[in-house]
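Chain and residue survey
The chain contents come next:
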Amino acid sequence: MNTISVNQQNTEQQDPARLHIAIQKSGRLAEDSIGLLKQCGVKLVKSKDQLFCKSSNFPIDVFFVRDDDIPAFVDGNVCQVGMVGENVLIEKQQAAMLEGAEGMFQNIEKLMDLGFGKCRLSLAVPQSADYGGPKTLAGKTIATSYPGILSRYLKSQNIQAKLVKMEGAVEIAPRTKLADAICDLVSTGSTLALNGLIEKDIVLESQAVLIKNPNLSEEQKVILDRLMMRLNGVRRAQSSKYIMLHAPVSALEDLQKALPGSESPTIVPLEGREDLVAIHAVCDEGVFWDTMEDLKARGATSILVLPIEKMLD
Ligand code: PRT
Ligand code: ZN
């Protein structure tokens, strides 16, 4: 919170003609957040311990902060937008409601999923425990760093349990008899396995999201629209592929049906070949080995699949 008031005094950083964005300084989301901005063509030159960085070619200023502080930066309009795990945003909103901090974080809007930092907040119990669904946890103790989200979930299931809030190392709570179960973030599941725990029920699916304060200057709205257009272009390009193949004219119709998520492919004649054409298409869905094998079985040859760097309609 101190950082916010310090930054608010800096009038240059509050320039309403620039958009301020908060991203994680270091941690699981840091590299992907900065990578995404770079893919959007936003040039950033950041030294190691720098907390603030102006882009030299786009009207954006970046604040590098702890992920837990990002909702507060956006709520206070120090930054108009932020990239943060949806789990962190929802926890801040739920915890504020539980603490009676009316309105805190409630006006923050989620704009889009960013496609990285995917994880789930799950209930897990020791391998030896008897578990017949979340109701088994009635009257038990659950350790978590997400008491807000967990309370909402337990309430929706009509379950009463005791919550122990832990800031980290939640997975050791059952072993130390601090709790009967845990509710923690899981991605590969290896931390749970290492600690003799089994994931049972998913409380929340999460990933990094772009969030926004509702009060933007007119200039900031225009900058955000430009940034969103680029972000959408990068996200679409990430999930799309450019496919080129040779097709017998007789199999053309059949092959077009097998092209995943492609609306109107380009058909190009091949010099000196009456029986063959080339098909070029952008496929919106993944092109996997089995897709290629399917195309080959339908008569396609010389199949090339290329990544797409950028897309703008
Ligand atoms: O320093 P700062 O406060 O900024 O960072 P932090 O240490 O609080 O957060 P960080 O960098 O660990 O995580 C940032 C965000 O990444 C989280 O809020 C989630 O949105 C997302 N994320 C994605 C994860 C995970 N996957 C994840 N696996 N956050 C944490 N974990 C932890 C989990 O808590 C458990 O300890 O990883 C362990 C489990 O991982 P697996 O792979 O063994 O299942
Ligand atoms: Zn954190």
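The sections below set out a description of the structure shown in this document. Keep in mind it's a predicted model, so treat the numbers as computed, not measured. (Residues numbered from 1 in each chain as written. Chains lettered and ligands numbered in written order. Predicted model: local features only at pLDDT ≥ 70, side-chain atom pairs only at ≥ 80, totals over all residues. Heavy atoms only, no water.)

1. Brief notes about the coordination of the zinc ion (ligand 2)
Condition: Coordination here is defined by N, O and S atoms within 2.8 Å of the metal (3.2 Å for Na, K and Ca), and since water is not considered, a site can look incomplete. Under the classification used here, a metal with four donors is tetrahedral if each angle lies between 85 and 135 degrees, square planar if opposite donors are over 155 degrees apart and the others between 65 and 115, a six-donor metal meeting that same test is octahedral, and anything else is irregular. A simple rule labels every residue: compare its accessible area, found with a 1.4 Å probe on the protein chains alone, to the largest value its type can have, and call it buried under 20%, exposed over 50%, or partly exposed in between.
Listed as protein donors to the zinc ion (ligand 2) are D67 (OD) and D68 (OD); their distances from the metal cover 2.0 to 2.1 Å. Considering all 4 donor atoms around the zinc ion (ligand 2), the spread of angles at the metal, 76 to 172 degrees, places the coordination shape in the irregular class. For D68, a relative accessible area of 31% corresponds to the partly exposed category.

2. Observations concerning the site of ligand 1
Stated precisely, the cut-off is as follows: Summary of the distance rule: residues count as near a molecule or strand when at least one heavy atom falls within 4 Å of that molecule or strand. Any N or O atom pair separated by 3.5 Å or less is treated as a polar contact, with the protein-specific requirement of one donor-capable and one acceptor-capable atom, and with residues adjacent in sequence counted only for side-chain atom pairs. Method for areas: the Shrake-Rupley scheme with a 1.4 Å probe, in which residue coverage is limited to the protein chains shown. Numbering of helices and strands runs from the N terminus; a helix is a DSSP stretch of H or I covering at least four residues, while a strand is a stretch of E covering at least two. The residue classification treats Ala, Val, Leu, Ile, Met, Phe, Trp, Tyr, Cys and Pro as nonpolar and Asp, Glu, Lys and Arg as charged. All others, Gly included, are polar. Domain borders in the structure are assigned automatically or taken from a domain database.
In the vicinity of ligand 1, 22 residues are found, and the nearest of them are D68, N87, T188, G189 and T191. In this structure, G189 approaches ligand 1 through a main-chain N or O atom, which is 2.7 Å from an oxygen atom. A distance of 3.2 Å is found between an oxygen atom of ligand 1 and a side-chain nitrogen or oxygen belonging to S190. Bound to the protein, ligand 1 loses 79% of the 850 Å² it would expose on its own. At the level of elements, α4 (86–98), β9 (181–186) and α6 (190–194) are the ones that each hand at least two residues to the shell around ligand 1. The element that contributes the greatest number of residues to the shell around ligand 1 is β9, accounting for 3 residues. In terms of residue class, the shell around ligand 1 is made up of 5 nonpolar, 11 polar and 6 charged. Both domains that furnish three or more residues to the shell around ligand 1 are identified here as domain 1 (3–117 + 208–237) and domain 2 (119–205).

3. Focus: the sheet that holds strand β14 (residues 273–283)
Operational definition: When DSSP finds at least two bridges between two strands, those strands are taken to pair. Structural elements are reduced to axes, namely lines fitted to C-alpha atoms, with helices fitted over the stretch in contact, and the angle between N-to-C directions of any two is expressed from 0 to 180 degrees. The criterion used for residue contact is that any of the two residues' heavy atoms lie within 4.5 Å.
Pairing is antiparallel in the open sheet, where 4 strands are placed in the order β13-β14-β12-β15. Sheet topology places β13 (266–270) and β15 (301–307) at the edges, where each strand pairs with a single neighbour. Neighbour to neighbour, the strand axes of the sheet diverge by 20 degrees on average, direction disregarded. Where strand β12 (residues 241–248) lies against β15, 5 bridges are found, and the strand directions are antiparallel. Across the sheet, residue K241 finds its bridge partner in β15, namely P307. Contacts from helix α9 (residues 289–297) reach β12 and β15, with the element oriented near 150 degrees to β15.

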